Amino acid sequence: MSFIKTILSSFKNIHFQSLLGNGVMAIFGVVTIAILYRALPFNEIGVYVFFMTVWGLVDTVRSGFLTNAFIKFYSGTAKERADEVVGSTWCLALIITGCCVLINIITFFLSAYITNEGMTLFLKYFSLISLATLPLFMANLVVQGDKRFDRLLWLRMINQVLFMGTVIVLIFLQKATLTAIVLTFIGSNLIASISVLLLGWTRIGAISKVTKSGFLEIFHFGKYSVGSGLSANLFKVTDTFFINFFLGPSALAIYSLGGRLMQIIEIPLLSFAASGMPSLSAYYNKGQKEEMMYVMKKMVGMLSVCIIGIAGVSIIFAEPIIGLIGGAKYMDTEAPNLFRIFMTMAILFPADRFFSLTLDVIHLPKINFYKLLIMLAVNFTGDLVGIYLFKSVYAVAVADVLPVIIAIIIAYYPLNKYYKFNFWEIYVVGYKEVILFIKQIYFTLFSRDKTANH
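Residues numbered from 1 in each chain as written. Predicted model: local features only at pLDDT ≥ 70, side-chain atom pairs only at ≥ 80, totals over all residues. Heavy atoms only, no water.

Brief notes about the packing of helix α9 (residues 249–260) against helix α13 (residues 335–345)
Next, step 1: Where α9 meets α13, the closest approach of the two axes is 8 Å, and the angle between their N-to-C directions is 45 degrees. Taken together, the axis directions place α9 and α13 in an arrangement best described as oblique. Read as a crossing pair, α9 and α13 show a hand that is right-handed. Side by side, α9 and α13 meet where I254, Y255, L257, G258 and G259 of the first sit next to A335, L338, F339 and F342 of the second. (Axes fitted to C-alpha atoms, helices over the stretch in contact; angles between N-to-C directions. Helix = DSSP H or I, 4+ residues; strand = E, 2+ residues; numbered from the N terminus. Parallel < 35°, antiparallel > 145°, perpendicular 65-115°, else oblique. Left-handed = near helix turned anticlockwise from the far one by under 90°. Contact = heavy atoms within 4.5 Å.)

Quick look at the structure:
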């Protein structure tokens, strides 16, 4: 009975709910990609990857501009203030979406003169995706701010199940063209958005509570915090453009497969970032500096320790993992070694991600913005030199390591000035917290049973 109670109590933990939600979505995402990689040839998969990467960049600009600002000003506040933040964020999100629509009116007619198929698809449809995903995006913000990660799981499930199910039907009917898959992506997001509007999870009614001061507060914070949001996708976008235009869609398909499995790492990163941001903001808003910084150190340390273990297993079994997801035809390509490079580099990701989040929380988003520019310059230069000299996807992957190291160094100094801590102390704290967590689980699962038996 104690085991069952422990499992049920875990579902009430916001970190577990966030982890479960991202884990379930990652499984659906990997299954969908595995289906597409088997259904489409190298070149068409490369085109699809390019299209989704460019859309991901646009979506990251929106989420980077609004997410951290929303969580920071929304978490732990009174209802009147929360309504003001929601209404102001809705207004800003509508303006951003409106800009996408206006730009797309022009680019739609220009798409006829573009020869790259992935870019042509994007120029035709990105405003439709922006509109279809807007309510879903706002619902994500609200449920994250309210720490309702159970709802977050459901709204993601609606979207992903619809998309994957329709893709399977298209493949079965032999109608799985690139355009059909893109339209399926738009349609599944639209249905999910309508669902969350009807459920009231978007709080669209709060738009009447918008104020000029609230709007400007989110805008001025967001124009700098967008940097921390972009940093997560920075390498993928830059790399994708270089590979697509210099090495071709087939090389992009191979590179993307090696990087796609980085979702193994993104699951805990996204989960703890989503659940950790409200906690960090709440401590900061209450003036509890020491508690806030300990949460940061604990999350960076625990995630890093866990990723080291995951990376070790992934490096050893890279070939069968790639074969399982992409099919046997990818096992003899560069994909397995690319996967090894990415998983090794991922050990640094928690420090980069949570240092950026904490800088946003302590009102230093400007540093994240300038850090982003430096990372972009280093990554761009590394990709350019690597492709020019070696003409290989390996060079592009290796070029991603230096910007992450530079980003961590840049963020460490202002954080250390705000609250003194030793960088390596983070990993000590993380190791101790992981051991403590394992002991707690062991004690909960087994000690109570022994007591009950006696």
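Digging into the environment of G87
Next, step 1: Locating G87 in the fold gives a position in helix α4 (residues 79–110).
Next, step 2: Sequence separation between G87 and G205 is 118 residues; the distance between their C-alpha atoms is 7.8 Å.
Next, step 3: Residues in contact with G87, not counting those within four places in the same chain, are A206, I207 and V210.

Considerations on the pattern of salt bridges
Next, step 1: In this structure the tally under the stated criterion is 8 salt bridges.
Next, step 2: Between K79 and D83 there is a salt bridge, with the nearest N and O atoms lying 2.9 Å from each other. Residue K79 and its partner D83 are located together in helix α4, separated by 4 residues, close to a single helical turn.
Next, step 3: Put simply, K297 and E425 hold a salt bridge, and the shortest N to O gap is 2.9 Å. Here K297, found in helix α11 (residues 289–316), pairs with E425, found in helix α18 (residues 425–453); they are 128 residues apart in sequence, far enough to count as distant.
Next, step 4: The class for E425 is partly exposed, based on a relative accessible area of 29%.
Next, step 5: Residues participating in the shared-partner salt-bridge network are K79, D83 and R203. (Salt bridge = Lys/Arg side-chain N within 4 Å of Asp/Glu carboxyl O. Buried < 20%, exposed > 50% of the residue type's maximum accessible area, 1.4 Å probe, protein only.)

Some words on a nonpolar patch on the surface
Next, step 1: Taken together, the side chains of L102, I105, I106, F108, F109, L110 and Y113 make up a nonpolar region of the molecular surface, amounting to roughly 830 Å² of accessible area.
Next, step 2: By secondary structure assignment, the location of L102 is in helix α4. (Patch = residues over 30% accessible without salt bridge, like charges linked within 9 Å, V, L, I, M, F, W, Y side chains within 5 Å. Areas by Shrake-Rupley, 256 points an atom, 1.4 Å probe, with all protein chains shown as cover.)

Comments concerning the packing of helix α15 (residues 365–390) against helix α17 (residues 401–418)
Next, step 1: Contact geometry of α15 with α17 gives a least axis separation of 9 Å together with a crossing angle of 160 degrees. Between α15 and α17, the angle falls in the class roughly antiparallel. In the packing of α15 onto α17, the handedness of the crossing is right-handed. Residue-level inspection shows I367, K371, I374, M375, V378 and N379 of α15 in contact with α17, the latter providing L402, P403, I406, A407, I410 and P414.
Next, step 2: Residues that form the contact of α15 with α17 fall into these classes: 10 nonpolar, 1 polar and 1 charged. (Nonpolar A, V, L, I, M, F, W, Y, C, P; charged D, E, K, R; others polar.)

Quick notes on the nonpolar core
Proteins that are soluble and globular tend to have nonpolar side chains buried together.
Next, step 1: Within the largest apolar cluster, 114 residues are counted, with the highest numbers of intra-cluster contacts made by M296 and F355.
Next, step 2: The biggest single contributor to this core is helix α3 (residues 42–74), with 16 residues.
Next, step 3: In contact with F355, not counting residues within four places along its chain, are M296, I408, A411, Y412, L415, F421, F423 and I426.
Next, step 4: Core analysis: the next-biggest nonpolar cluster, separate from the first, contains 8 residues, L136, V143, A192 and W201 among them. (Core = buried A, V, L, I, M, F, W, Y, C linked by side-chain atoms within 4.5 Å.)

Overview of the confidence of the model for the protein chain
Next, step 1: On average, residues of the protein chain carry a pLDDT of 83, and 89% of them reach 70 or more.
Next, step 2: Of all the helices and strands in the protein chain, helix α1 (residues 2–10) carries the lowest mean pLDDT, 47, while α17 carries the highest, 92.
Next, step 3: Counted against residues more than four places away or in other chains, residues 1–8, with its pLDDT under 50, gives 7 contacts. (pLDDT = per-residue confidence, 0-100.)

Quick word on unusual backbone geometry
If a residue is not glycine, its phi is most likely negative; likewise, a peptide bond is most likely trans.
Next, step 1: The backbone phi angle of Q174 is positive, close to 60 degrees, even though this residue is not glycine.
Next, step 2: Looking at the secondary structure, you find Q174 in the loop between α6 (149–172) and α7 (178–199).
Next, step 3: Despite not being glycine, H363 has its phi angle at roughly 65 degrees, a positive value.
Next, step 4: As for its position among the elements, H363 is in the loop between α14 (349–361) and α15.
Next, step 5: What makes H363 partly exposed here is its relative accessible area of 41%.

Looking at α3
Next, step 1: In this model, α3 (33 residues) spans 45 Å end to end at C-alpha, consistent with the 48 Å of a helix rising 1.5 Å per residue.
Next, step 2: Maximum bend of α3: about 30 degrees, positioned at S63.
Next, step 3: Counting buried residues along α3, 25 of its 33 residues qualify, which places the element largely inside the surrounding structure. (Expected span 1.5 Å × (residues − 1). Bend = angle between axes of the 7 residues up to and from the residue.)

A word on the side chain of S281
Next, step 1: Within the fold, S281 resides in helix α10 (residues 263–285).
Next, step 2: In this structure S281 comes out as buried when scored by relative accessible area, which is 0%.
Next, step 3: The contact partners of S281, leaving out residues within four places of it in the chain, are I71, K72 and V361.

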